[in-house]
Amino acid sequence: MSGILAKKVEMTRIIKNGAFVPVTLLRVPAITVFQVKTVERDGYDAVVLEFQEHARPTRREVSRTGSLENVSVGDTVTLEMLEEGMLVSMVSYSKGQGFTGAVKRWNFKGAPAGHGHKLPRSLGSIGTRKPRRTKLGKKMHGHMGLDKITLKDVPLVLVNKDLRVVAVKGPIAGARNSLITLTF
């Protein structure tokens, strides 16, 4: 199997080789294999992982490499496959910002604040005379955030198998307690 689930705890720093290294701490809950998908039955290979922290269990599908003999329904996922210095890929979702204007969403400069401008954070012109419509893809106000972010080849700085905590180098998109998928 090539992936596990984790929850983001916080960002901090540790001392490694006499220098501060910024890390993000991830807590890996007790995970069980809920379903094994095969090419013959489902059309692709995958494993559905499940963990329960609240009333309802959380299930996520993780792509799988390897043979079917290694994974079966009911197995528990351990941290034995993780080692310090290992490179992993992470998938998470960024924080949602809601409905935002063009200045915040696209980093527009805006109009001058003085000399009679009534709307200094306005978008400005959004089209031309012909064609008489707004072109698709125009940077305008709208929903910002909640994007799927994938980071590749991020090193594991620390793996504590007793506490089930993993420290990954650098920042990870998402809020605290957000779900992160680690693949390797």
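See the structure printed just above.
What you see is a predicted model, and the numbers here were worked out from it, not measured in a lab. (Residues numbered from 1 in each chain as written. Predicted model: local features only at pLDDT ≥ 70, side-chain atom pairs only at ≥ 80, totals over all residues. Heavy atoms only, no water.)

Undergrad: Quick question: what am I supposed to make of the environment of Lys118 here?
TA: Residue position: Lys118 is located in the loop between helix H2 (102-106) and strand S9 (142-144). Overall, the relative accessible area of 78% leaves Lys118 in the exposed class. Residues Lys118 and Ser92, 26 residues apart in the sequence, show an inter-C-alpha distance of 40 Å. (Helix = DSSP H or I, 4+ residues; strand = E, 2+ residues; numbered from the N terminus. Buried < 20%, exposed > 50% of the residue type's maximum accessible area, 1.4 Å probe, protein only.)

Undergrad: Can you walk me through the pattern of salt bridges in this structure?
TA: Working definition: two side chains of opposite charge can pair if their charged atoms are close together. Within this structure, the stated rule accounts for four salt bridges. Between Arg41 and Asp42 there is a salt bridge, with the nearest N and O atoms lying 3.5 Å from each other. What makes Asp42 partly exposed here is its relative accessible area of 30%. (Salt bridge = Lys/Arg side-chain N within 4 Å of Asp/Glu carboxyl O.)

Undergrad: Would you mind going over the packing of aromatic side chains with me for this structure?
TA: Think of a pair of aromatic rings as described by two things: how far the centres are apart, and how the planes are tilted against each other in angle. What the rule picks out here adds up to zero aromatic pairs. Positioned above the aromatic ring of Phe20 is the side chain of Arg13, whose terminal nitrogen or guanidinium carbon lies 4.2 Å from the ring centre. Its end group placed over the ring of Phe34, Arg59 keeps NZ or CZ at 3.8 Å from the ring centre. (Phe/Tyr/Trp six-rings, centres within 6.5 Å; stacked < 30°, edge-to-face > 60°. Lys NZ or Arg CZ within 6 Å of the ring centre and 35° of its normal.)

Undergrad: What exactly am I supposed to notice about the sheet that holds strand S12 (residues 179-183) here?
TA: Each strand in a sheet pairs with its neighbour through backbone hydrogen bonds, running either in the same direction (parallel) or in the opposite one (antiparallel). Spatially, S1-S2-S11-S10-S7-S12 is the arrangement adopted by the six strands of the closed barrel, whose pairing is antiparallel. Taken pair by pair, the neighbouring strands of this sheet meet at an average axis angle of 50°, ignoring direction. Direction of pairing for strand S2 (residues 19-27) relative to strand S11 (residues 165-169): antiparallel, over a ladder of five bridges. Residue pairing in the sheet places Val23 in a bridge with Lys169 of S11. (Pairing = 2+ DSSP bridges. Axes fitted to C-alpha atoms, helices over the stretch in contact; angles between N-to-C directions.)

Undergrad: Sorry, what's going on with the environment of Lys148 here?
TA: Tracing the sequence through the fold places Lys148 in strand S10 (residues 148-160). Lys148 sits 26 residues away from Gly174 along the chain, and the two C-alpha atoms are 9.6 Å apart. With residues near it in sequence (within four places) discarded, Lys148 still touches Val91, Ser92 and Tyr93. (Contact = heavy atoms within 4.5 Å.)

Undergrad: What is the right way to read the layout of surface pockets from this model?
TA: In this approach the atoms are scanned with a rolling probe the size of a water molecule, which exposes any empty space left behind. Space inside the largest pocket adds up to approximately 290 Å³. In terms of lining residues, the largest pocket is bounded by 13 residues, among which Arg60, Val91, Tyr93, Lys148 and Thr181 are the most central. Every element with two or more residues in the lining of the largest pocket is listed here: strand S5 (58-63), strand S7 (87-93) and S12. In terms of residue class, the lining of the largest pocket is built from five nonpolar, five polar and three charged. (1 Å grid on protein atoms, 1.4 Å probe; cavity = no way out; pocket = protein on both sides within 12 Å on 5 of 7 lines; lining within 4 Å. Points joined across faces, edges and corners; volume = space filled by probe spheres on them. Nonpolar A, V, L, I, M, F, W, Y, C, P; charged D, E, K, R; others polar.)

Read these as spatial facts, not as claims about activity.
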